[in-house]
Amino acid sequence: MKIMITGGAGFIGSNLILSWLENHPEDILVNFDCLTYAGNLANLKEIENHSNYHFYKGDLRLPKDIEAAFEKYQIEAVIHLAAESHVDRSILTPDQFIQTNIVGTFNLLETAKHFWQTELSKHRFLHVSTDEVYGSLGESGYFQETTPYRPNSPYSASKAGSDHLVRAYYHTYGMNTIITNCSNNYGPYQFPEKLIPLLIKNCMEQKPIPVYGNGSNIRDWLYVKDHCCAIDLAFHKASAGETYNIGGLNEWKNIDIVRYICRYLDEKLNRSGDNSCQQLITFVKDRPGHDQRYAIDASKIQQTLSWQPEFSFEIGIQETINWYLDHQAWVAQVTSGEYQKYYIQQYEKR
Ligand code: NAD
Ligand code: TYD
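For the structure given in this document, a descriptive report is provided here. Along each chain, residue indices are assigned from 1 in the same order as the chain's sequence is written. Ligands are numbered from 1 and chains lettered from A, in the order in which they are written. In view of the model being predicted, local features appear only for residues whose pLDDT reaches at least 70, and side-chain atom pairs are presented and counted only at 80 or more, with totals across whole chains, interfaces and linings using the full set of residues. Excluding hydrogens and water, the side-chain figures rest on all heavy atoms present in the structure.

**A look at the site of ligand 1**
Short version of the rule: Distances are taken per atom, and a residue is near a molecule or strand as soon as one of its heavy atoms is within 4 Å of it. Each polar contact in these results corresponds to two N or O atoms within 3.5 Å; when the atoms are within protein, one needs to be able to donate a hydrogen and the other to accept it, and residues that are neighboring in sequence are counted only if both atoms are side-chain atoms. Exposure was quantified through the Shrake-Rupley algorithm and a 1.4 Å probe, taking into account, for residues, occlusion by the shown protein chains and nothing else. Segments assigned H or I by DSSP are reported as helices when at least four residues long, segments assigned E as strands when at least two residues long, and all are numbered from the N terminus. Nonpolar residues are Ala, Val, Leu, Ile, Met, Phe, Trp, Tyr, Cys and Pro. Charged residues are Asp, Glu, Lys and Arg, and all others, Gly as well, are polar.
As a matter of local geometry, ligand 1 sits amid 29 residues, with Ile12, Asp33, Ser85, Tyr155 and Lys159 nearest to it. At a separation of 3.0 Å, an oxygen atom of ligand 1 approaches a polar backbone atom of Thr36. At 2.9 Å, a backbone N or O of Leu81 approaches an oxygen atom of ligand 1. Calculation on ligand 1 without its partners gives an accessible area of 840 Å², and the protein chains cover 97% of this total. Taken together, the elements giving at least two residues each to the shell around ligand 1 come down to helix H1 (11–23), strand E5 (124–130), helix H5 (154–173) and strand E7 (184–186). Per element, the largest residue contribution to the shell around ligand 1 is 3 residues, and it comes from E5. Split into classes, the residues belonging to the shell around ligand 1 amount to 13 nonpolar, 12 polar and 4 charged.

Spelled out as structure tokens, the structure:
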């Protein structure tokens, strides 16, 4: 099958391409990505010459780019990950989130509909989304597939908008869509603007670790490889029109996960006392509209598709931390340009 993976040069997309080529070597993958600051072809170095892998530099905001890629590779299915994905950036520059996440998804749906028109129901369109569309939980409860959408940030609102469009193309046109809503991922190749890679990077460089507010916000963390397995299963086994929540049953208060990673790094880097990574923890002004808690009820995908996370948090986080320690050149490369300006605006001018 010829599958377009949008956003394949990003964090989850590159992990997905690497695992997909291993598990489905017969498929032809077209990585459609415009390479924003978050897209990095170095993530895919080991498969760049694979005969069943192609990179197409295109922008979802430009319908002609999507049409040209569909035409060139005769695309038969889509797994849609490309997005502006960082909440803090959505607060600083929301317009890009509307253009890529909402208008870009619309352009992709329209092109797919036009291209597959006579056989729309035969071509799978899997849309990768987030649990953040459901808004924020209090101390108890879990997000279910039936939980009403209540997005609170420009990022989650734009993802909610894209989910609604995908849903509408199933109901109105009979497109063969699946939507997955996953909790926070961690793992190799995550851009160091998100909490876990940012804190590992700052520990290595002995820079302050910014913790928003009092650190009491709660997130559910899933290893990216487990998310990729869930996407693979949903792509192959789910019925058209279905939506699935994906999560790790692994809730952590931000301050606790920060301390846990600091302890691990102290051991690895032989730091203690005044030199301990714990000393770098710095409470900073809270994120505006900061969602208090996310937690996922993943029983639907567990029961209907037999998905389970394979990695315990202890193993996943150790693999992740070790990966960052072993890939300092990658970290230096992806943070050498625009990142510096963003970092100053986000953390030093607050
Ligand atoms: P990322 O920011 O690491 O990567 C996004 C990729 O999309 C980059 O390669 C970027 O170049 C590309 N892209 C952005 N705008 C584009 C455009 N206009 N045209 C073409 N390509 C464009 O994101 P990620 O963390 O890998 O997330 C991937 C998807 O998964 C997103 O849709 C996100 O909402 C969703 N998701 C992420 C998480 C998480 O914890 N990271 C959790 C749940 C869902
Ligand atoms: P993040 O990785 O940005 O993911 P999301 O906002 O999509 O959940 O943030 C995870 C949590 O960590 C979130 O509650 C915000 C918090 N956070 C900090 O405390 N400091 C930081 O520097 C960052 C980036 C996030």
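Past the structure itself, the notes keep going.
**Quick word on H5**
Rule in force here: Any helix carries an expected span of 1.5 Å times its number of residues minus one. Buried, partly exposed and exposed residues are distinguished by accessible area as a fraction of the type maximum, computed with a 1.4 Å probe on protein chains only: under 20%, between the cut-offs, and over 50%, respectively. Any pair of residues with heavy atoms lying within 4.5 Å of one another is described as a contacting pair.
For H5, spanning 20 residues, the distance from its first C-alpha to its last is 28 Å, which sits close to the expected 28 Å at 1.5 Å a residue. For H5, the full list of buried residues reads Tyr155, Ser156, Ser158, Lys159, Ala160, Gly161, Ser162, Asp163, Val166 and Tyr169. On the buried face of H5, the contacting elements are helix H3 (87–92), helix H4 (94–115), E5 and strand E6 (176–182).

**Re the environment of Gly58**
Here Gly58 shows up in the loop between strand E3 (53–57) and helix H2 (63–73). Ignoring any residue separated from it by four or fewer positions in sequence, one finds Gly58 in contact with Phe32, Asp33, Cys34 and Asp65.

**Focus: H4**
Formally: Think of it this way: the bend at a residue is just the angle between two axes, each fitted to seven residues, one set ending at that residue and the other starting at it.
Given a rise of 1.5 Å per residue, 22 residues ought to cover 32 Å, and the 31 Å separating the end C-alpha atoms of H4 matches this to within 8%. Where H4 bends most, at Gly104, the angle is about 30°. All buried positions along H4 are accounted for by Phe97, Thr100, Asn101, Gly104, Thr105, Asn107, Leu108, Leu109, Thr111, Ala112 and Lys113. Buried-residue contacts for H4 involve strand E1 (2–6), H2, strand E4 (77–80), H3, E5 and H5.

**Regarding the packing of H1 against helix H7 (residues 224–237)**
As a reminder, the rule being used: Each axis is a line fitted through C-alpha atoms, taken for helices only over the stretch in contact, and angles between the N-to-C directions span 0 to 180 degrees. Note on convention: near helix rotated counterclockwise from far helix by under a right angle means a left-handed crossing. Clockwise means right-handed.
Viewed as axis vectors pointing N to C, H1 and H7 meet at an angle of 60°, and their least axial separation amounts to 9 Å. As for the relative orientation of H1 and H7, their crossing is right-handed in sense. Note on element contacts: H7 touches H1 through Val224, His227, Cys228, Ile231, Asp232, Phe235 and His236, opposite Phe11, Ile12, Asn15, Leu16, Ser19, Trp20 and Asn23. Among the residues forming the contact of H1 with H7, the class breakdown is 8 nonpolar, 5 polar and 1 charged.

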